[in-house]
Amino acid sequence: MGQSQGKRDSWQAIEHYRSTLASLAHYRRWSNAGVAALGSAIFLISWCYRDPADVFIAWGYPVFGAIFAGLAWWTLRGRSRLVLIDRVLVGLAAVIILGRLAWHYLVGDPLGANLMPLVGGHYWAVGLLIVGSFLLLGFQGGAIVGGLSLGLSVLLASSVVVPCIDVDSTRCDNVVYLARIHLFLLVFVVLSSTAVLLRDRTRDVVAKLGVLEEVARTDHLSGLSNRRAGEAFLATQFELNRRYGHPLSVILIDLDNFKRINDAYGHPAGDSVIVALADMLRREARDVDMAVRWGGDEFLVICPETGREDALRTAARFHSLITADCLGGFDVTATLGVAELQWGDRPEDLIQRVDEQLYRGKEAGRNTVRLGGDRGDAVAESSQSAP
Ligand SMILES: Nc1nc2c(ncn2[C@@H]2O[C@H](COP(=O)(O)OP(=O)(O)OP(=O)(O)O)[C@@H](O)[C@H]2O)c(=O)[nH]1
């Protein structure tokens, strides 16, 4: 029962997210294999319907098709890390796509009538390379491949086409045509890099924020919620009480003469008692309750939907467990105060009243559970039962 359920839920959530990650990696593996298989199919179809004079396709595409088919098989085998597969996939695609671009400019039909249709038609593959490299390699890898593609293309275009700009007006049109294409490529680079940068940064910030929030609301020694988180929870429960009139009680637990354990056996021994008490509260408190390390050897259990009698019974049970168990290997006792939120109370009034009960319990000789309120004070039956 109690917060062990919450703990179990956390582990279940961790398991759930781990298996989600595994399924996503599986999905990504299939997607990579699909891209490689499609690449292989594109090479083979292009080879079947090739221009017989095109040596690049005649000799290169069967080889590339086989390589991409092998890549698909290698990806599906699942033995290599996806990061490596991504790099090999993008690297091969870059070599082939940029190689083909260079071929068009330098070897295929330099400055012939077919150059622009051929080169222009090939640019969709260059665009795909830019977007794909950002998606698969992230911002840095995408910037390298995208920058390389754009730089190489500008170099090729300007070295082949621009020198002939004055020869006739067709070549001038070609320059405008190529300038437009490169502006489109630049748009691809800007859009893809921004999207990937935002995706990665947002993911990092969300992950760090989650960890920081967890650290900020957790007591590092006991692992329970800390005082700040407890105060926030109390404030929320207080609002619910005000609006809907639901009962709300708190139990304040303070170890008796805890200083003596520290003094006699050292701080680590004292720490082990605190951890053991926190574990007990985590185990025994109800799911809807919140156990908080209020400070030092003081713990507050906030019990929503709980009236004073129920809270007193719960406190008596905690008291019995503290005195019955050997917390951290020591016979310890504790004094507990109990209080219920009353009409007109603010959260700090409730804390003040439970603190008063604790103080009275200490004054009365410790090892007791005291309940205070406008219907009179009460002392639980388990009080003073321990040695
Ligand atoms: N080991 C350990 N001790 C702590 C920690 N935080 C506070 N303490 C000690 O807890 C002790 C609390 O002592 P007091 O509040 O004076 O009370 P007590 O000795 O428990 O006596 P009563 O409350 O009057 O029964 C102090 O000696 C603190 O140094 C901690 O995280 N670890």
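Residues numbered from 1 in each chain as written. Predicted model: local features only at pLDDT ≥ 70, side-chain atom pairs only at ≥ 80, totals over all residues. Heavy atoms only, no water.

What follows concerns the nonpolar core. In this structure, Ile251, Ile253, Leu277, Leu281 and Phe318 are the most contacted members of the largest nonpolar core, which totals 32 residues. Among the elements of the structure, strand E1 (248-255), helix H7 (258-265), helix H8 (267-284), strand E3 (298-304), helix H9 (308-324), strand E4 (334-340) and strand E5 (369-372) are those that each provide at least two residues to this core. Those residues in contact with Ile251 that sit more than four places away from it in its chain are Phe299, Leu300, Val301, Cys303, Ala311, Thr314, Ala315, Phe318, Leu336, Gly337, Val338 and Val354. Judged by nonpolar contacts, the second largest core, of 28 residues, contains Val145, Leu150, Ala157 and Val160. (Core = buried A, V, L, I, M, F, W, Y, C linked by side-chain atoms within 4.5 Å. Buried < 20%, exposed > 50% of the residue type's maximum accessible area, 1.4 Å probe, protein only. Helix = DSSP H or I, 4+ residues; strand = E, 2+ residues; numbered from the N terminus. Contact = heavy atoms within 4.5 Å.)

Per the UniProt record, the feature "transmembrane region" (unreviewed entry) sits at residues 30-49, 55-76, 88-106, 118-137, 144-165 and 177-198. From the first C-alpha to the last, residues 55-76 spans 32 Å; its make-up is 100% helix and 0% strand. (UniProt positions renumbered as here; feature names shortened; annotations may be inferred.)

Here the largest pocket defines a volume of roughly 1,300 Å³. Taken together, 44 residues line the largest pocket, and the ones lying closest to its centre are Ile42, Ala93, Ile97, Ala125 and Leu128. Looking at the lining of the largest pocket, the elements with two or more residues in it are helix H1 (3-48), helix H2 (55-77), helix H3 (82-108) and helix H4 (115-160). The dominant element in the lining of the largest pocket, judged by the number of residues it contributes, is H1, at 13 residues. (1 Å grid on protein atoms, 1.4 Å probe; cavity = no way out; pocket = protein on both sides within 12 Å on 5 of 7 lines; lining within 4 Å. Points joined across faces, edges and corners; volume = space filled by probe spheres on them.)

What follows concerns the site of the ligand. As a structural note, the neighbourhood of the ligand is formed by 17 residues, with Asn257, Asp271, Arg293, Asp297 and Arg366 the closest of them. At 3.1 Å from a nitrogen atom of the ligand is found a main-chain nitrogen or oxygen belonging to His267. Within the side chain of Arg293, an N or O atom sits 2.8 Å from an oxygen atom of the ligand. Within the complex, the protein chains bury 67% of what would otherwise be the 660 Å² of accessible surface of the ligand. Among the elements of the structure, E1, H7 and H8 are those that each provide at least two residues to the shell around the ligand. Among the elements that take part in the shell around the ligand, H8 stands out by supplying 4 residues, more than any other. Across the shell around the ligand, the residue classes tally to 4 nonpolar, 5 polar and 8 charged. (Near = heavy atom within 4 Å. Polar contact = N/O pair within 3.5 Å; in protein donor to acceptor, adjacent residues only side chain to side chain. Areas by Shrake-Rupley, 256 points an atom, 1.4 Å probe, with all protein chains shown as cover. Nonpolar A, V, L, I, M, F, W, Y, C, P; charged D, E, K, R; others polar.)

So, about unusual backbone geometry. Despite not being glycine, Asn257 has its phi angle at roughly 45°, a positive value. Structurally, the position occupied by Asn257 is in the loop between E1 and H7. Owing to a relative accessible area of 29%, Asn257 belongs among the partly exposed residues under this scheme. Its identity is not glycine, yet Glu305 carries a phi of approximately 55°, on the positive side. With respect to the helices and strands, the residue Glu305 is situated in the loop between E3 and H9.

So, on to the packing of aromatic side chains. Summed over the entire model, instances satisfying the criterion amount to 9 aromatic pairs. Between Phe56 and Phe64 the ring centres are 6.1 Å apart and the planes differ by 55°, which places this aromatic pair in the tilted class. Take Phe56: its relative accessible area is 15%, and that puts it in the buried class. For Phe64, a relative accessible area of 17% gives the class buried. (Phe/Tyr/Trp six-rings, centres within 6.5 Å; stacked < 30°, edge-to-face > 60°.)

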